[in-house]
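Remarks on the overall topology
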Amino acid sequence: INAEYGKQWYQRRVREAVVSTQSTGIPNTNTTMLRFTTLLLVLSGATLATDQETFRLSFGQKGLDWFETVVATMEDIIKEIIMGGLVITPMDLNGVEVTNLKMRDIELPKPELSIVPSKGYRLNSELTMVIDGDWSFGFLGGDLTVNTKLNLDTVAGVDADMKNGIFRTAAGSCDVDFISLEIDMKNEFLNNIAKGMVEDVKERIAGIVCKEVNTALDTSFNDLFQAIPHEVKLHLLTRDIVFGFGPDSNPVFSSDHVDVPCRVQAQSKIPFPFAPPRGISDSVDPEFIGCVLLSEHLVNSVSFLALGKGAIRENIPNKRFPIGSDLTNTAYFKKSLPQLYKAYPNKDVVYKISNLRYPKLEFDSNLQKVDVPLRVLVQIDGATVINLKLSLKTRGHLNIKGNVITGSCDKIQTKTVVVSSKIGDIDADLANDIMDDLFSKTIIPDVNAFFKKGFRLPCVDKIIDTKKAIAETKDDF
């Protein structure tokens, strides 16, 4: 496949994808605080700050079978590239000059892809080609047509180019086995003569096919990989953050699956306050097409970059709890915190909530935990009456059905410290009970409604009709 022709075609589609990516972003709005922390689970596929493996793509033979179907649906596009870019050089067959060779048609049945352990992957495909050209022998000449059906069997490797931050394909073996080949010189007598040229033509066509395949694997495909953007700029809340993507190490070709270790890098003026990732120790279940494995280090890197101190802000009253609702009047605390009601009877209450550091997420066996320190200001008539500092911890589960991730937040825990109070001393246990009640009424229902609605996996539904999927969490990933 001609490198420049294929590259131009691919770059057009890359530009379309980049425009689509840049046109999306996270709106800078004040929604419920834990929406941002749950949103980390969605963003985690695109961000990170480390130079070690933090996510892994893993796929087995079912994944290759699915890709075979994808390739088959792209037959028209592949034909366009091959027929537009394939160059067939003139041939000298025992004095017969064959020139102006052009591909008129090519049929590409569904290819067969398989894993070659420790080496790479194998492509086996049957090709039917119709090639037109001219022939000349002395003062004689005319046109000819070559009809051939062949079986192409090639093995390619994939390595990590750490210097350039891309994966590179490399040609391995290439074998061409001819099922049939006929040369039509538009004359029965000449066709009988052409039978003596069949083996020479087979040898030349096999050489051309393997040369093009090897060039594609060694050069053209890598040019396309190089054309893929290695950096993506995302607008996260109020900041633009640039993330770089690349390999972590060479893909591992096992007997029943392939693991592709990856990393994403981002820069921060402040050192990242957590240890390097512990690594990922799992692969795809062969029952599934593929698997994306994410390290909790990746998610926490997102959180650190985008959700630092003060990035999360939530005020009550809001649309969910307008002025006049129970929580927004001191009468609500008549029994639980009588000194507040006594000092400010039937007064409107305003809560201002902000984070004191980034939310920290922990993956555990079938569990996700989020820990975020918060400041809660209780204000009446514009003045702060109670200043609280607390640690909010939540626990939840994730599920996936079709292309939609859903889940639930089933536990919330607070540990509260009273920083200041204008209504006298407040018992720490009482403060905890009040905050548990406050967040259970404001956070849990909102987060669960958000999770129940779910996240549709971006773009996936356009290319995959998901029949079955699972979402699991394990220790650290």
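Throughout what follows, the structure given in this document is the object of discussion. Only a predicted model underlies this, so the values are computations on that prediction, with no experimental measurement involved.

1. Focus: the nonpolar core
Met91, Leu181, Ile183, Met197 and Ile205 are the most contacted members of the largest nonpolar core, which has 34 residues in total. For this core, the element with the most residues is helix H6 (residues 198–227), which contributes nine residues. When neighbours within four sequence positions are excluded, isoleucine 183 is seen to be in contact with Thr145, Val146, Asn191, Ala194, Met197, Val198 and Val201. Core analysis: the second largest hydrophobic core is formed by 29 residues, Tyr351, Leu388, Ile423 and Ile434 among them.

2. Considering the state of the cysteines
Taken as a whole, this structure holds one disulfide when the rule is applied. Covalent S-S linkage joins cysteine 174 and cysteine 210, the inter-sulfur distance amounting to 2.2 Å. Across the S-S bond linking cysteine 174 and cysteine 210, the dihedral sits near -85°, which makes this disulfide left-handed. With cysteine 174 in strand S7 (residues 166–184) and cysteine 210 in helix H6, this pair connects stretches of sequence that are 36 residues apart. For cysteine 174, a relative accessible area of 17% corresponds to the buried category.

3. Topic: a nonpolar patch on the surface
The grouping of Phe137, Phe139 and Leu140 at the surface amounts to a nonpolar patch, some 390 Å² of accessible area in total. Examined against the element boundaries, phenylalanine 139 turns out to sit in the loop between strand S5 (120–137) and strand S6 (140–161).

4. Some words on the layout of surface pockets
Taken as a whole, the second largest pocket spans an internal volume of roughly 500 Å³. Along its surface, the second largest pocket is lined by 23 residues, and Glu296, Asn300, Lys360, Leu361 and Glu362 are the ones closest to its centre. Those elements that provide at least two residues to the lining of the second largest pocket are helix H7 (296–306), strand S15 (360–364), strand S16 (367–380), strand S17 (383–401) and strand S18 (404–421). For the lining of the second largest pocket, a count of residues per class yields seven nonpolar, six polar and 10 charged.

5. Here we look at the packing of aromatic side chains
Applying the stated criterion across every chain yields a total of two aromatic pairs. Summarising the aromatic geometry, the rings of phenylalanine 304 and tyrosine 358 are spaced 5.7 Å apart at their centres and angled 85° between planes, so their arrangement reads as edge-to-face. Of this pair, phenylalanine 304 sits in helix H7 while tyrosine 358 is found in the loop between strand S14 (350–355) and S15, placing the two residues 54 residues apart along the sequence. Assessed through its relative accessible area of 15%, phenylalanine 304 is described here as buried. Residue classification places tyrosine 358 among the buried positions, given a relative accessible area of 9%. Here tyrosine 332 and phenylalanine 333 contribute two aromatic rings whose centre-to-centre distance is 5.2 Å and whose plane-to-plane angle is 85°, an arrangement assigned as edge-to-face. Look at phenylalanine 333 and you get buried, because its relative accessible area is 6%. The residue whose ring lies beneath arginine 357 is tyrosine 358, and the NZ or CZ to ring-centre distance is 5.3 Å.

Each value, and the rule that gives it
- Residues numbered from 1 in each chain as written.
- Predicted model: local features only at pLDDT ≥ 70, side-chain atom pairs only at ≥ 80, totals over all residues.
- Heavy atoms only, no water.
- Core = buried A, V, L, I, M, F, W, Y, C linked by side-chain atoms within 4.5 Å.
- Buried < 20%, exposed > 50% of the residue type's maximum accessible area, 1.4 Å probe, protein only.
- Helix = DSSP H or I, 4+ residues; strand = E, 2+ residues; numbered from the N terminus.
- Contact = heavy atoms within 4.5 Å.
- Disulfide = S-S within 2.5 Å.
- Patch = residues over 30% accessible without salt bridge, like charges linked within 9 Å, V, L, I, M, F, W, Y side chains within 5 Å.
- Areas by Shrake-Rupley, 256 points an atom, 1.4 Å probe, with all protein chains shown as cover.
- Salt bridge = Lys/Arg side-chain N within 4 Å of Asp/Glu carboxyl O.
- 1 Å grid on protein atoms, 1.4 Å probe; cavity = no way out; pocket = protein on both sides within 12 Å on 5 of 7 lines; lining within 4 Å.
- Points joined across faces, edges and corners; volume = space filled by probe spheres on them.
- Nonpolar A, V, L, I, M, F, W, Y, C, P; charged D, E, K, R; others polar.
- Phe/Tyr/Trp six-rings, centres within 6.5 Å; stacked < 30°, edge-to-face > 60°.
- Lys NZ or Arg CZ within 6 Å of the ring centre and 35° of its normal.

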